[in-house]
Each structure stands twice: as C-alpha cells, then as structure tokens.
Amino acid sequence: MSSLSGNEDNQNSEKVFLLARNYELKMHDNWILNNYVDSSNNSLRNAMLCLGMFVLIICLSFVFFTKVENKSVVQMDIIQSNIDYIQQVQKSDEGIIQGLNQMILMQQNEIKSLKTEQEIT
C-alpha cells in the first residue's frame, strides 16, 4: 500500500488513485462472481431440462406400453372368440355325425329286417 504524503494535492491524487484502484478490483471481483452465478444458473437450467425430458420419456413409454398391452388384449379376445366359434362348430359337427350314425344304424336295421323277410318268403 502506498502511504499518503504530506502534500494536499498529492493526497487528493493518491486518494483518487486508490479509489479508482479499489473500484477496478471490485469490478473484477464482481465480474468473477457474475460468471459463477451465470454458470450455476445455466447448470440448473440444463439440469431441469434434462429432468423434464427424462420424465417425459418415462411418461411416453408408459403410454406406449399401455397401448401395446391393450392391443394384445384385443388380439387375445379375438383369438378366444375364434376358438369358441371353432368349438361350437365342432360340437355341431359331432351332433350331425351322431345323427348320421343313427340314420345309418336305422338303415342297417331296415336292411336286416328286409333280408329276414326275404329269407322267410
């Protein structure tokens, strides 16, 4: 530090010089502090944007998988209805086959009765 001399003009010029130097040092300190604050604000902003995008991706994945699950449920319902239809057709075919077998048995019985009548005559 410089000491103030005895001359009043020199003292005033040294005071002005010291005030200017202090002002310059404060401006430099404020500039550095402003850079720290600005960079921390930018980091916070970027972190919030990344967090928002992460949450958005998670929400969209839930929506997408829900749609896929709904689609698979619909497909399973369609398949189950087709299986039910095939089983009904199979049961009706079994009923038709049983009816045809009964008709065959009746025809065979009629043929046997006709054979016995022919043998008797």
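Relevant structure appears above.
Residues numbered from 1 in each chain as written. Predicted model: local features only at pLDDT ≥ 70, side-chain atom pairs only at ≥ 80, totals over all residues. Heavy atoms only, no water.

**Q** Go over the overall build of the protein chain, please, and point to the residues and values.
**A** Summing up its helical and strand segments, the protein chain has one helix and zero strands in all. For the protein chain, the C-alpha radius of gyration of 51 Å lies well beyond 14 Å, the compact-globule estimate for 121 residues. For the protein chain, the C-alpha atoms occupy an extent of roughly 170 × 15 × 5 Å along the three principal directions. Looking at the protein chain as a whole, 0% of its 121 residues qualify as buried. If you sum the accessible surface of the protein chain, you get close to 11,400 Å²; carbon and sulfur atoms cover 64% of it. Across the protein chain, the centroid of the 9 positively charged side chains sits 2 Å from that of the 14 negatively charged ones. (Helix = DSSP H or I, 4+ residues; strand = E, 2+ residues; numbered from the N terminus. Rg over C-alpha atoms; globule rule 2.2 N^0.38 Å. Buried < 20%, exposed > 50% of the residue type's maximum accessible area, 1.4 Å probe, protein only. Areas by Shrake-Rupley, 256 points an atom, 1.4 Å probe, with all protein chains shown as cover. Lys, Arg positive; Asp, Glu negative; His and termini not counted. Charge placed at Lys NZ, Arg CZ, Asp CG, Glu CD.)

**Q** Any details on the environment of Asp-93? Residues and values, ideally.
**A** Along the polypeptide, Asp-93 turns up in helix 1 (residues 8–120). We classify Asp-93 as partly exposed; its relative accessible area is 37%. The spatial distance from the C-alpha of Asp-93 to the C-alpha of Gln-75 is 27 Å, given a sequence separation of 18 residues.

**Q** Describe the pattern of salt bridges, listing the residues and the values that go with them.
**A** Applying the stated criterion across every chain yields a total of one salt bridge. Between Glu-24 and Arg-21 there is a salt bridge, with its nearest N and O atoms 3.6 Å apart. With Glu-24 and Arg-21 both in helix 1 and three residues apart, this pair spans about one turn of that helix. Its relative accessible area of 48% is what places Glu-24 among the partly exposed residues. (Salt bridge = Lys/Arg side-chain N within 4 Å of Asp/Glu carboxyl O.)

**Q** Explain the state of the cysteines to me, and be specific about the residues and the numbers.
**A** Summed over the entire model, instances satisfying the criterion amount to zero disulfides. Counting only cysteine sulfurs, Cys-59 is the nearest neighbor of Cys-50, a cysteine outside any disulfide, at a range of 16 Å. A relative accessible area of 42% places Cys-59 in the partly exposed class. (Disulfide = S-S within 2.5 Å.)

**Q** Account for a nonpolar patch on the surface, naming residues and giving values.
**A** There is a patch of nonpolar side chains on the surface, built from Met-48, Leu-51, Phe-54, Val-55, Ile-58 and Phe-62 and spanning about 620 Å² of accessible area. The topology assignment puts Leu-51 in helix 1. Leu-51 sits in the partly exposed class, given a relative accessible area of 47%. (Patch = residues over 30% accessible without salt bridge, like charges linked within 9 Å, V, L, I, M, F, W, Y side chains within 5 Å.)

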